[in-house]
Each structure stands twice: as structure tokens, then as C-alpha cells.
Amino acid sequence: MVIIYQREFNQAVEQGMVDGLKAGTVFYHARAQQAVNKSNQRGTKPSQPGEPPKKRTGFGQQNIVYEIDEEAVRSRMGVTKNGIYMFWLEIGTRPKRVAAGRKARALMIPWRPPDGSTRAPTQEEIDNIGLKKIKGQWFYFRTSVMRGGIKRRPWMLVTLRKHRETITRLMTSKFPKR
């Protein structure tokens, strides 16, 4: 049996793929922006590790972008170079060692009691840590210190997983029906 309308059918399938890709990508983009739409204007209650980042100025949210390549039938979504910190919030960062500058011999770090009080250090703490009193304040010296990383605040992959079924349905709904 010869299919007379094969060219038209192939064109309809290809157009359905492109239309479905557009629908799924636009939906995913909107949901990703919505995931980071919780306000924190004064910065008093920042997001906790494990929850999506909260919005202060909307800059990060505005830098979530997508592009669609109709020829290759492919799309991608991410953040612009200016909003790269949204990527770092998504995946988190490791703590890293920061060394004293080239001209400095050591980093001078103000000492604070571990219990958060304002007490003076004990003689044992002075001896063990190597504290020095300078202009009425206690300091300790190190050639390098560990700076804490950022714990993950996922929003992109969580959104994809949450809406996977809807995105799949949107992408497949544009195919021609039999």
C-alpha cells in the first residue's frame, strides 16, 4: 500500500514536534520563574538550604531565560551570565581555603566566644588558640582559613521533576491525531 500524503504527514509530525517543544519549554520557563517568586524584599528571612531562593529585587528571576532551536528541534533553559549566582544557588558550592595575601604573612581574625557571649577569653583559650590583644580586642592569626560554601537551594531541577508529566503532555499534544 502506498501512502499518498506521506510528505504532508511528515511535515505535520515535524511541526507538531516543534509546537510541542515550544509549549513545553514556555510552560517550564514560567514555572521556574514562579518557583523563585517568593518575596523577601527586606532580606530578613532568606531562603533556607533545600528550598528555592527567595526574591529580593527580581534580578535573578529576570535572568532565567530559554531558547528554542526549531531546526534541531531542541530547547534549553538556564540563567544568563549576569544571573550566574542563580546557578550556584541551584547546585551549591564547596567551602574553599582562602590564603593570606602575597604581602601579608597571616590573616588577622577577630576572636568571638563559641557560645556567642561577650566574655573575655580564658587563659586556656589564649594559650590554645594563640590569641593576641590588640587595641582592646582579641585576635588570632592564620595563614589561611576556610570560607563556607553555599548550601543548595534547588529550584530548576525541582521544578522540572514536579511538572514532568504536564510538560510531557504538552510536548506530545501537538502531534497529528490518527
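Participant: What am I meant to see in the packing of helix α1 (residues 6-35) against helix α6 (residues 164-172) here?
Facilitator: When two helices pack together, their arrangement is given by the angle between their axes and by how far apart the axes lie. Packing of α1 against α6 brings their axes to within 7 Å, and their N-to-C directions diverge by 150°. The pairing of α1 with α6 is recorded here as roughly antiparallel in orientation. Handedness of the α1/α6 crossing: right-handed. Contacts between α1 and α6 involve Gly-16, Gly-20, Leu-21, Ala-23, Gly-24, Phe-27 and Tyr-28 on the former and, on the latter, Thr-166, Ile-167, Leu-170 and Met-171. Broken down by class, the residue content of the contact of α1 with α6 amounts to 7 nonpolar, 4 polar and no charged.

Participant: How should I be thinking about the pairing of strand β6 (residues 137-142) in this particular structure?
Facilitator: In regular strands, side chains alternate between the two faces of the sheet. Looking at chain direction, strand β4 (residues 107-110) and β6 are connected through 4 bridges and run antiparallel. Within the sheet, the bridge partner assigned to Met-108 lies in β6 and is Phe-141. Where strand β5 (residues 132-134) hands over to β6, the hairpin turn is made up of 2 residues, of which Lys-135 adopts a positive phi near 50°.

Participant: Even after reading the chapter, I still don't get a nonpolar patch on the surface, so can you show me in this structure?
Facilitator: A contiguous nonpolar surface patch, about 590 Å² in accessible area, is contributed by Phe-59, Ile-84, Tyr-85, Phe-87, Trp-88, Ile-91 and Ile-150. Counting residues per element, the nonpolar patch draws most heavily on helix α3 (residues 84-91), at 5 residues. Along the chain, Phe-59 turns up in helix α2 (residues 59-62).

Conventions we followed
- Residues numbered from 1 in each chain as written.
- Predicted model: local features only at pLDDT ≥ 70, side-chain atom pairs only at ≥ 80, totals over all residues.
- Heavy atoms only, no water.
- Axes fitted to C-alpha atoms, helices over the stretch in contact; angles between N-to-C directions.
- Helix = DSSP H or I, 4+ residues; strand = E, 2+ residues; numbered from the N terminus.
- Parallel < 35°, antiparallel > 145°, perpendicular 65-115°, else oblique.
- Left-handed = near helix turned anticlockwise from the far one by under 90°.
- Contact = heavy atoms within 4.5 Å.
- Nonpolar A, V, L, I, M, F, W, Y, C, P; charged D, E, K, R; others polar.
- Pairing = 2+ DSSP bridges.
- Patch = residues over 30% accessible without salt bridge, like charges linked within 9 Å, V, L, I, M, F, W, Y side chains within 5 Å.
- Areas by Shrake-Rupley, 256 points an atom, 1.4 Å probe, with all protein chains shown as cover.
- Salt bridge = Lys/Arg side-chain N within 4 Å of Asp/Glu carboxyl O.

Function cannot be inferred from these measures alone, as they are strictly geometric.
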